[in-house]
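Reading the structure
Here is how the chains run, residue by residue.
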Amino acid sequence: MANDAVLKIEGKEFPLPTMVGSEGEKAIDVRNLRAQTGYITYDDGFGNTGSCTSGITFIDGDAGILRYRGYPIEQLAEHSSFVETAYLIIHGELPNAKQRRHFGDLLRLHSPVHAAMDHLFEGFPLGSHPMAILSALLNSLGCYYPHLATNRVQEDLANFEEASAIAISKVRTIAAMSYRKSRGLPYIYPKRTLPYCENFLHMMFSQPYEDYVCTPEVAQALNLFLLLHADHEQNCSTSTVRMVASSGANLFASVAAGVCALWGPLHGGANMAVIEMLESIHAEGDDGSKFIESARSGKAGHRLMGFGHRVYRNYDPRAKIIKASFDKALASLGIKDDPLLAIARRLEDAALSDQYFLSRKLYPNVDFYSGLIMRALGIPQNMFTVMFAIGRMPGWIAHWKEVASNPKNKIYRPRQVFTGNAKRDYVLMEKRA
Ligand code: CMC
């Protein structure tokens, strides 16, 4: 660090250290700003705030670059699988053959949930949203595995391998069970012989009298979807996981909080919102032009869902990969004429030549096409965000570990600029208006 930034305020100068990351991104270190000057920084939505240093994922939003542990997303999408990428994100390196086998064995071992958990599912009313069930059940894992959720960081870190395998493996089982519960269907238990994605689809779609048959194309499409969602640095849900972890909370509690943050339509809920938007455009007989016109207001409820991103000011590289694999996936699934797909393509073309969207650098994000892929795979709409949560689990786990193993960890505790009432005296009931 060098003291090469100077803040001039109230006639005085204060030197501020600067930092440069391994990919050249620059930051001003303001950790001592308040103590030195009495000022805090104000950055609503944290768009200019580095909340931590991290060695997991690199994004250059202007150049449309995404790398997990240094590896470009395009290369991982072409050569890797979700499980291998999960290992990479969590452990920092690609696994060798022995490590990969061991990791797969751990995931298989932990795929069933504790039999008593069935009763938890029973407690939820029919039609409960699977995201609510997912968050509650992930948190409850700490009750079934108290030795992995002590909230004593060193002990939880010592058992990290087991806890992380449980989280990655069981998130998929809980997700499938929450779907079966919401539909009033009997649970289908995991099969040890099946790989990760095939096992998930088996638990979702097999019947007690007939096994679901997964084609390699379907497994590949699901692998790609999960891999593309595996981490995305300091997004809303990951920052939430880090915030909860910063208090010393265990892995299960931290990732359960991540699920809640992911649920909203501005984050993981966008893939579902895209399909709802396309369906309503279709139902109104609009070719997309009326919708684009109203989306120019930028107001909630009118926004072009699946467009725009806080960090990408260029095409989201994940959207490029999904779009490129899209036609192949749809052909292999035998889907030819999806009217929603036609509307999506028209919306994209219209937005990419519209001054409103161009001037604000609003391009399709990963969710614009991922909802359509999920739909083609037969995943019900209220499960879309759950699918995102399964994919994001490795990232949340890696960030939990980064926080927990940082010997200089500080609890996340932002400040505020208070704009409420100044001090006033209590008014007795009989004197109130
Ligand atoms: N449609 C129409 N206008 C938009 C859109 C949109 N999708 N997104 C942003 N704008 C406008 C916004 O009204 C504002 O205009 P003005 O400058 O005239 O006030 C300008 O663009 C900047 O918007 P912002 O809300 O300040 O941008 P942000 O960085 O805070 O928000 C976003 C990013 C992703 C929340 C936002 O673009 C959005 O709401 N997109 C739709 C929801 C969506 O697709 N979310 C998924 C994000 S990717 C998956 C993930 O990582 O979670």
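The preceding data block contains the structure.
Definitions and limits used
- Residues numbered from 1 in each chain as written.
- Predicted model: local features only at pLDDT ≥ 70, side-chain atom pairs only at ≥ 80, totals over all residues.
- Heavy atoms only, no water.
- Near = heavy atom within 4 Å.
- Polar contact = N/O pair within 3.5 Å; in protein donor to acceptor, adjacent residues only side chain to side chain.
- Areas by Shrake-Rupley, 256 points an atom, 1.4 Å probe, with all protein chains shown as cover.
- Nonpolar A, V, L, I, M, F, W, Y, C, P; charged D, E, K, R; others polar.
- Pairing = 2+ DSSP bridges.
- Helix = DSSP H or I, 4+ residues; strand = E, 2+ residues; numbered from the N terminus.

Around the ligand lies a shell of 19 residues, among which H267, R303, L304, R310 and Y356 are the nearest. One nitrogen or oxygen atom from the main chain of L266 is found 3.2 Å from a nitrogen atom belonging to the ligand. In isolation the ligand offers 930 Å² of accessible surface; the protein chains occlude 76% of this area. Tallied by class, the residues present in the shell around the ligand amount to eight nonpolar, six polar and five charged.

Attention now moves to the pairing of strand β5 (residues 65-68). Alignment of strand β4 (residues 57-60) against β5, held across four bridges, turns out to be antiparallel. Looking at the pairing, D60 lines up with I65 of β5. Counting the residues that bridge the hairpin from β4 to β5 gives four residues, and of these G64 lies at a positive phi of roughly 70 degrees. Inspection of the sheet shows β5 paired to strand β6 (residues 71-72) by two bridges, in the antiparallel sense. When the bridges of β6 are listed, Y68 appears paired with Y71.

All right, on to the pairing of strand β2 (residues 12-20) then. For β2 and strand β3 (residues 26-28), the ladder comprises three bridges, and the chain directions are antiparallel. Counterpart to V20 in the pairing with β3 is K26.

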